[in-house]
Amino acid sequence: MSEPAESATATGTRRSLWRLHALVAAVTVAGVGCLGTAVLAPGPLIHPPAAWRLVLVALVLLVGESTVLHLRFGRDTYTFTWSEAAIIVGLFLVPWPWLSIIAPLAVAVVHTVARRDPVKIAFNAASMAVGATLAQAAAAALTDGRAIRDVDTLLSCAALTVAACVGFVWNSILVSAAIAFSRGLPFREVASEGLTLKLAVLGGNTIVALLLVTAQWRGSTVVLVPFSIGLLFLSYRGYLRALEERDVWRQLDRTAKEISLLDENGVAAAAVARAADLFKADVVELAVYPSADGPVQVVVQHDDGTQSNREEPWYVVDGGTAQLMSVQVIGAADPTMTWAVTPLEGVHGLTGSLRLGFYASTTLSQRQQKVLRTFLHGVSTSLQNARMYGEMRRLADRYALEARHDSLTGLANRKYFYERAVAELSRSGHDGSHVGLLLIDLDHFKEINDTLGHGAGDDLLCAVAGRLKASLREIDLVARLGGDEFAVLLCGMPTPEVGEHIALDVLRILAEPIDYEGLHLTVEGSIGVAVHPNDGTTVEDLLRHADVAMYQAKETRGAFARYRSDRDESNVNRMTLVADLRAAISAGEFVLHFQPQVALETGRIVGSEVLTRWQHPRHGLLGPDEFIRVAEHSGLVQEFTLHILDRAVAECAHWREHGVTTPVSVNLSARNLLDSRLPADVAQILADHGLPAGQLVLEITETTMVSDIETVQEVLAGLRHLGVELSVDDFGTGYSSLALLHRIAVHEIKIDRSFVQAMNSSEGDAAILRASIELGHGLGLRVVAEGVETAKQVSVLRSLGCDVAQGWFFGRAVDNEQMRHLLGLPSAAVPQQLRSPAAARHLHLAGGPS
């Protein structure tokens, strides 16, 4: 796409040059014609004027053409001479065609002495010849061809004024055309630029000349004329200087506004453009040094007004001082140019350099150097501000990205997913489309994670994330909710069935093997599908229903299920329980039962696990399996857990008041450990009841520890900091590695009842049990065996070195009154299940403080 633009630019440049050459040729021919006509005219040359008049005219023209004032405005310099005054004096002193002969000769002499280019000398001389001829013709038209000195003063002044204006118009048109053709600019724009100032100069020149020619040429009056002209000249120059100074500060003010940007590239581009205007440099280069390792960025303003960018190498020399190698060879690309190189100084040293290039030999005046220093200070400050803003913006963007995305996979996190889901559901309500939610759980991820390590698990999660993103539309959102659980938000679906088709495609993609260090790993997924508004009207409803559908899909691995309320067997009861759950917490309908934990060496009760029952007013006593999952899906699990913790801690504090320091254990769900406020809530409960943190044991599962390990570790670290002890429940069923246990830093592991009950009939289970006890002791942990039901199991566990046991052999879970009796506290009744002889032999110290 750039080639046509370049061709058009080249064509325009060639056309402008052709016009310029044609103008020069035409003016030269016209000037030669005017000069030839004047020389060949027979009458006037036969009777020439007095010699002193010819000499005086020549001197006036030489002085008027060589006395030049230069005034810069931006990139343009206006040059003012006394040519109009010289023409008026010449018309007054000599008749036609002598001015047309003397004027071009005087211009040629002045420009030759100044060593101008021959073409420019010929062009300027020819221009003067034509201008003088036109001025004489205009004056002659007003005086009927008579000499100016022969007419009355008023008519003479008018004729001379018109002649000066004609010469001015001719010169302005010619110069404006030459500039327009050389720069490729519109003629009207060039001609109108600085017109007010040019008219003021014309008026000044005309007044000076009229004063000179109308003065008395006799007596002492003529002596005052040179002093009047000199005073006017000085005033004239002072006025022009004031205008130039005002323009400089106007441009500095404009520069300050243009470079007040928050983009480093924008500051550099504006700076080189303004530098070219301020200092009339043909080429400007701004080199911006990098804040760290990297190339120097150079922005170039060319003589045709275009800009370009390039990179230059950055070198670090001894002592850690960095310098730009190309600064030492400035002008190597174009040695004909004169360069002025100035550094940009910042707070922490040099931030760059500014290079001003001139085709002609140029020296900056002291005033220009002061302006340059002011300019550089503003540019340096703007560059530093832009750089700092850029770094702040990059940090803000990174933090915003991290706050809304998963650090491992780069997918959206739970927070961002929820925000986007809320917005999509609102949009769906307006346009009538459907929003689908796919909840994905990887089926074999746990085995791979435990077998190959967490590094392999992380790589696997990243691979799955990449596949999910690549297989879905750009408008859909993929998120990692935690662990191996992903969610997909399907936006703008025309029908609910589209979600099921996409779920089928996702299953096929997940089933494809993933290469990992030469191994082909297969991870299938189970997907629950819920669609708005059919399956729920809020994000919470969709997540909950998709979770229900996902567990239905898990019955057949590598499958998906769409949420159906009629397939959710406990849906009606669950909805009823959800409605009753909050009221039950406030009404205190939950009953705490305690499962004693016995030290196998001493038979003492060394702890108890809290088991919760719900005394429902209509359904009777409900076990935890009937309401715990309801609490988790209803969003009340945090409130429920804190209520049970408060009850358990209060009971344990009551034991302590009577001298019993037996700790109490309370189970936590996975959702509890995702609540960053949990440590603070636990600390408040302990403080409310005055119970030392060491008497509270919080039980977690292996799966909970693996899920969203970073968040869980943060919460567990807060609990350990309180002094609360941590226990891993159902140990052995999750295949956790010892490295994970070491990272979590728990105090106790509880071997799952399945291994205890099968240890006498299965060598494999017995081996796992033995290994678990040895590994737990190796890590300095307390080992508890669950589900102990026979004396033989107690004997084997004692021989293996197991520390603590709990189960029906020692008694079923009891309420708080019965637990107080077991601990030796006053109680109204003794539980029947603790009166068996076998239990009594193993609880021979029960009843006294532990």
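It should be noted that the structure appears before, not after, this text.
Reference entry: report on the structure contained in this document. (Residues numbered from 1 in each chain as written. Predicted model: local features only at pLDDT ≥ 70, side-chain atom pairs only at ≥ 80, totals over all residues. Heavy atoms only, no water.)

Re unusual backbone geometry
In this model, His-532 is joined to Pro-533 through a cis peptide bond whose omega is 5°. Positive phi values are uncommon outside glycine, yet Asp-730 reaches one of about 55°. Residue position: Asp-730 is located in strand β22 (residues 725-731). (Helix = DSSP H or I, 4+ residues; strand = E, 2+ residues; numbered from the N terminus.)

Some details on the sheet that holds strand β15 (residues 525-532)
The strand order β11-β12-β10-β15-β16 describes an open sheet built from five strands, whose pairing is mixed. The open sheet terminates on both sides in strands that have one partner only, identified here as β11 (477-482) and β16 (560-562). With direction set aside, neighbouring strand axes in the sheet form an average angle of 20°. Relative to β16, β15 runs parallel, the two being bridged by three bridges. Bridging across to β16, Val-529 finds its partner in Arg-562. Seen against the sheet, helix α16 (residues 497-511) touches β10 (434-442), β12 (485-493), β15 and β16 and runs at an angle of roughly 160° to β15. Across the sheet, helix α17 (residues 539-553) lies against β10, β11, β12, β15 and β16, angled at about 145° from β15, the strand it touches most. (Pairing = 2+ DSSP bridges. Axes fitted to C-alpha atoms, helices over the stretch in contact; angles between N-to-C directions. Contact = heavy atoms within 4.5 Å.)

Observations concerning the sheet that holds strand β8 (residues 338-346)
Strand order in the open sheet formed by five strands is β5-β4-β3-β9-β8, with antiparallel pairing between adjacent strands. Looking at which strands have only one partner, the edges of the open sheet turn out to be β5 (307-312) and β8. On average, each strand axis in the sheet is tilted by 20° relative to the strand beside it, whichever way the strands run. Across nine bridges, β8 lies against strand β9 (residues 349-358) in antiparallel orientation. Bridge pairing links Thr-342 to Leu-354 in β9. Of the strands in this sheet, β3 (283-288), β4 (296-301), β5 and β9 touch helix α11 (residues 264-279), which is tilted by about 150° from β3. Against the sheet, helix α12 (residues 366-404) makes contact with β3, β8 and β9, and its axis sits at roughly 50° relative to β8, the strand it touches most.

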